[in-house]
Amino acid sequence: MPVARRFLSLLHEPGDVFEIRIPKHGKYRFTASGYFDDVDAATAAVARWDGKASVYVTLNPIEPSLLARAVNKIVERADATTADADVLRRRWLFLDLDAVRPSGISSTDEELTQVQRSADEIAAFLLSRGWPEPILVASGNGAYLLYRVDLPNDEDAGKLITAVLAALADRFDTDQVKVDPAVSNASRIIGLIGTKKMKGDSTEDRPHRRSQLLTTPEQIGVVSREQLEALAGEQESAAATTGSFSRTSRRGVLAETLCAKGMEFREQPPDANGVTWYHVRQCPFHDDGRPFECGVGQKLPDGPYAGHCFHPEGQGRGWQEFKRALGLDGESRHDPAGLLLKGPTSGRCGCEQGRCSPRSLQPGEEAGHHSGSGLPHSASDCSLDVHRRCCEP
């Protein structure tokens, strides 16, 4: 079971103690459990359960003394399992995406496609906020995104993780796919990737599937507490703004113009590139029923503009396309010089792969955008022809 072994090695560092759990198995619905500090022993112990019941593993490192409950083996009827107080530290932020369906059954292929699309959208959104790439897995009936964190196991950290999950659920939940907001507890167990998910009976359209590792970053970056708090803060201040700004907001030409046109939007905190984003109620390039996902931005107070759509329908759409689609390409009393029409007069390259050398745009230069970040820059900034493929307006 090489995938299961690989996943355990990603989750847990050498010497960590973790629990393997098989809830409600067999005729009498007992819970089997074992404690391990050896990945090879855990993989071997899991093999006899694979395909018979769904297998789970604790997400975070736990108190080493718990190993004595069942040393590197699984007992079929456990007297006790891991509690929140047994967790040493929070190492992972767990995003669990599931297809909306009746309980106790597996997902269809179509439902899984919807889940994967949502997972890709969330990963792209968080990447645009300066977050590292996640471990992305197909859980068998949904998708997991795992982000490395470094937090104590205390009440404040629990509240922070809960708020982050709520913010993402508020932004990305649809009638078809939900972000589970109830997976914030420190002793959370997750499906052991590489094993088969056994939910309900296996049918032709709802089969039992083996979970898979989809993508694993070469280097797993850590999401800072500040990044978590910034996202959590959006949940607290997510009230839509129509035609007005909070008193603490620094107004720019773009924001004033949106207000003047009566557009309903949500102001987002500055991202890793210093761009303040204004997510409009309805993206002009897709219609999935989820408001305030995509929009335009500006590097305040008078910096360059940007646009970004997180959906396949908006692939390659940036500032120029958003400007035209939202009707922002004309003069107004908030933009008497027609700066929105002319585009930005200064900026830095936004190419994600570092293929372009940053340079200030000169007055009168045409600005393009990169389809990944949406930040403006000129054609002469690019050292490769990648600009012509995805950066020109």
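Quick note: structure is the one above.
Residues numbered from 1 in each chain as written. Predicted model: local features only at pLDDT ≥ 70, side-chain atom pairs only at ≥ 80, totals over all residues. Heavy atoms only, no water.

### Let's talk about the overall build of the chain
From N to C terminus, the chain includes nine helices and 17 strands. Considering the chain as a whole, with its 393 residues, one finds that 51% of them fall into the buried category. At a minimum sequence separation of 6, the contacts of the chain that also span at least 24 residues come to 67%. Approximately 18,100 Å² of the chain is accessible, and the part contributed by carbon and sulfur atoms is 47%. (Helix = DSSP H or I, 4+ residues; strand = E, 2+ residues; numbered from the N terminus. Buried < 20%, exposed > 50% of the residue type's maximum accessible area, 1.4 Å probe, protein only. Contact = heavy atoms within 4.5 Å. Areas by Shrake-Rupley, 256 points an atom, 1.4 Å probe, with all protein chains shown as cover.)

### Digging into the pattern of salt bridges
For the coordinates displayed, the defined rule picks out 15 salt bridges. The salt bridge involving R48 is made with E76; its shortest N-O contact spans 3.3 Å. Placement of R48 in the loop between α2 (39-47) and β3 (56-58) and of E76 in the loop between β4 (73-75) and β5 (89-99) is noted, with a sequence separation of 28 residues between them. Under the relative-accessibility criterion, R48 is labelled partly exposed at 45%. E264 serves as the salt-bridge partner of R281, at 2.9 Å between the closest nitrogen and oxygen. Taken together, the residues R281 in the loop between β13 (276-280) and β14 (295-298) and E264 in strand β12 (residues 264-267) connect sequence positions 17 residues apart. Accessibility expressed as a relative area gives 39% for R281, which makes it partly exposed. Within the structure, one salt-bridge network assembled from shared partners comprises E13, D16, R91 and R148. (Salt bridge = Lys/Arg side-chain N within 4 Å of Asp/Glu carboxyl O.)

### Brief notes about α2
Residues of α2 that are buried: V39, A42, T43, A45 and V46. The arc that holds the buried residues of α2, viewed along the axis, is 165°, so those residues lie on one side. On the buried face of α2, the contacting elements are α1 (2-11), β1 (18-25), β2 (30-36) and β4. Near the N-terminus of α2, the side chain that reaches the backbone nitrogen of D40, with its oxygen 2.8 Å away, is that of D38. (Arc of directions from axis to C-beta. Polar contact = N/O pair within 3.5 Å; in protein donor to acceptor, adjacent residues only side chain to side chain.)

### Considerations on helix α3 (residues 109-128)
The end-to-end C-alpha distance of α3 is 29 Å, a good match for the 28 Å that 20 residues give at a rise of 1.5 Å each. Two residues or fewer past α3, G130 is found with a positive phi of approximately 90°. (Expected span 1.5 Å × (residues − 1).)

### Things to note about the sheet that holds strand β8 (residues 177-179)
Taking strand neighbours across the sheet as the criterion, the five strands line up as β8-β5-β7-β6-β10 in an open arrangement whose pairing is antiparallel. In the strand order of this sheet, the two ends are held by β8 and β10 (212-215), each with one partner. The mean inter-strand angle of the sheet, taken between neighbouring strand axes irrespective of direction, is 30°. Pairing analysis gives three bridges linking strand β6 (residues 135-138) to β10, with the strands arranged antiparallel. (Pairing = 2+ DSSP bridges. Axes fitted to C-alpha atoms, helices over the stretch in contact; angles between N-to-C directions.)

### Examining the packing of α3 against helix α4 (residues 155-172)
The relative placement of two packed helices is expressed as an angle between their axes plus a distance between the axes. The contact between α3 and α4 brings their axes to 11 Å, and the two run at 120°. The pairing of α3 with α4 is recorded here as oblique in orientation. Once α3 is placed against α4, the crossing between them reads as right-handed. Of α4, the residues touching α3 (which contributes E121, I122, F125 and L126) are L168, R171 and F172. Grouping the amino acids of the contact of α3 with α4 by side-chain chemistry returns five nonpolar, no polar and two charged. (Parallel < 35°, antiparallel > 145°, perpendicular 65-115°, else oblique. Left-handed = near helix turned anticlockwise from the far one by under 90°. Nonpolar A, V, L, I, M, F, W, Y, C, P; charged D, E, K, R; others polar.)

### What about the nonpolar core?
By size, the foremost hydrophobic cluster in this structure holds 83 residues, and its most contacted members are I20, L93 and L95. No other element matches the 10 residues that α4 contributes to this core. Setting aside residues up to four positions removed in sequence, L95 forms contacts with I122, L126, A143, Y144, L145, Y147, L165 and L168. (Core = buried A, V, L, I, M, F, W, Y, C linked by side-chain atoms within 4.5 Å.)

### Focus on unusual backbone geometry
Trans is the prevailing form of peptide bonds, just as negative phi is the prevailing case for residues other than glycine. In the Ramachandran plot, N72 falls in the positive-phi region, its phi being about 50° despite a non-glycine side chain. Relative to the assigned elements, N72 resides in the loop between β3 and β4. Residue classification places N72 among the partly exposed residues on the basis of a relative accessible area of 25%.

### Brief notes about the packing of aromatic side chains
Evaluated as defined, the whole model comprises seven aromatic pairs. Geometrically, the ring pair formed by W131 and Y147 is edge-to-face, given 5.2 Å between the ring centres and 85° between the ring planes. Here W131, found in the loop between α3 and β6, pairs with Y147, found in strand β7 (residues 142-152); they are 16 residues apart in sequence, far enough to count as distant. Residue W131 shares its accessibility class with Y147, and that shared class is buried. One cation-aromatic arrangement involves R148 over W92; the distance from NZ or CZ to the ring centre is 5.6 Å. (Phe/Tyr/Trp six-rings, centres within 6.5 Å; stacked < 30°, edge-to-face > 60°. Lys NZ or Arg CZ within 6 Å of the ring centre and 35° of its normal.)

### A short note on the environment of L136
One can find L136 in strand β6. A residue is classified by how much of its surface remains accessible, and L136, at 9% relative accessible area, is buried. For the pair L136 and A123, spaced 13 residues apart in the sequence, the C-alpha separation amounts to 8.8 Å. Ignoring anything within four residues of it in the chain, the contact list for L136 reads Q116, A119, D120, Y144, L145, L213, L214 and T215.

### A closer look at the sheet that holds β3
Strand order across the open sheet formed by five strands is β4-β2-β1-β3-β9, with antiparallel pairing between neighbours. The sheet terminates laterally at β4 and β9 (189-191), the two strands that pair on one side only. Taken over all neighbouring pairs, the strand axes of this sheet differ in orientation by 25° on average, direction set aside. Of the pairings in the sheet, the one linking β2 to β4 comprises two bridges and is antiparallel in character. Bridging across to β4, G34 finds its partner in I74. Of the strands in this sheet, β1, β3 and β9 are in contact with α1, which crosses β3 at around 20°. Against the sheet, α2 contacts β1, β2 and β4, and its axis sits at roughly 10° relative to β1.

On their own, these measurements won't tell you what the molecule is for.
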